[in-house]
Amino acid sequence: MSEASGSGEVAARPDYAVWDCVIPYVKEPHDRASVSLVCKQWHNIDSLTRKHVAISLCYAATPDLLLRRFPNLESLKLRGQPHFAKFFHIPDDWGGYAKPWIEEIVKSFKKMKALHLRRMRVKDSDLKLIAATAIGKGLEVLKLDTVALSGV
């Protein structure tokens, strides 16, 4: 940060030029998260410019929280049940339902180009909802990995 001329006060916020110089080199999500902790302004800029988010457990966040934090997402990777679910350590009906996420995505994320659902419970009606909306028409990648499909 620079000092204001003659007053000796430190500038209250970093210059956007610094952000423009730094962010092209920060590509890893963990690094982007660290950069967003520098100050509130950088946090807000990161929120507006982040294009991809991966959520390791769908219960770690809510769809509306994702929308508030990253309104311009183009790509989302969402994991439902934990990895150990495939070893029968949790009940089959434990959760990982895609419906609340898909409803929020089709309603709010108009720029979504890629959606990756992993270990989620996806119903036929969820896929129809995606296909019937503008998101479905603009979606370039829909990856369903190790999902439990119902009605398909």
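Look a little higher up for the structure.
Below you will find a few notes about this structure. (Residues numbered from 1 in each chain as written. Predicted model: local features only at pLDDT ≥ 70, side-chain atom pairs only at ≥ 80, totals over all residues. Heavy atoms only, no water.)

As for the nonpolar core
Ranked by size, the top nonpolar core spans 22 residues in total, and within it Leu66, Leu76, Leu78, Met112, Leu117 and Met120 carry the most contacts. When contributions to this core are tallied by element, the ones reaching two or more residues are β1 (52–55), β2 (75–79), α5 (99–108) and β3 (114–118). When residues in this core are grouped by element, the largest group, four residues, is from α5. The next biggest cluster of nonpolar side chains, apart from the first, holds six residues, and it includes Trp19, Val26, Trp42 and Ile45. (Core = buried A, V, L, I, M, F, W, Y, C linked by side-chain atoms within 4.5 Å. Buried < 20%, exposed > 50% of the residue type's maximum accessible area, 1.4 Å probe, protein only. Helix = DSSP H or I, 4+ residues; strand = E, 2+ residues; numbered from the N terminus.)

Side note on the sheet that holds β2
Taken in spatial order, the four strands of this open sheet run β1-β2-β3-β5, and their pairing is parallel. In this open sheet, the two edge strands, each paired with only one partner strand, are β1 and β5 (141–145). Each strand axis lies, on average, 5° off the axis of its neighbour in the sheet, ignoring direction. Across four bridges, the pairing between β1 and β2 is parallel. (Pairing = 2+ DSSP bridges. Axes fitted to C-alpha atoms, helices over the stretch in contact; angles between N-to-C directions.)

A short note on the side chain of Arg32
For Arg32, the position within the fold is in helix α2 (residues 29–35). Accessibility expressed as a relative area gives 12% for Arg32, which makes it buried. Side-chain polar atoms of Arg32 contact the side chain of Thr49, separated by 2.9 Å. Non-local contacts of Arg32, meaning those with residues more than four positions away in its chain, are made with Ile23, Val26, Asp46, Thr49 and Arg50. (Polar contact = N/O pair within 3.5 Å; in protein donor to acceptor, adjacent residues only side chain to side chain. Contact = heavy atoms within 4.5 Å.)

Considerations on the pattern of salt bridges
Close approach of charged atoms allows side chains with opposite charge to pair. According to the stated counting rule, one finds nine salt bridges in the structure shown. With its nearest N and O atoms 3.9 Å apart, the salt bridge here joins Lys51 to Glu74. In this pair, Lys51 is assigned in the loop between α3 (40–49) and β1 and Glu74 in the loop between α4 (63–69) and β2, connecting sequence segments 23 residues apart. A relative accessible area of 36% places Lys51 in the partly exposed class. For the salt bridge of Glu74 with Lys113, the shortest nitrogen-to-oxygen distance reads 3.8 Å. Of this pair, Glu74 sits in the loop between α4 and β2 while Lys113 is found in the loop between α5 and β3, placing the two residues 39 residues apart along the sequence. Overall, the relative accessible area of 35% leaves Lys113 in the partly exposed class. Salt bridges here are not isolated pairs; linked through shared partners, they connect Arg32, Asp46, Arg50 and Arg69. (Salt bridge = Lys/Arg side-chain N within 4 Å of Asp/Glu carboxyl O.)

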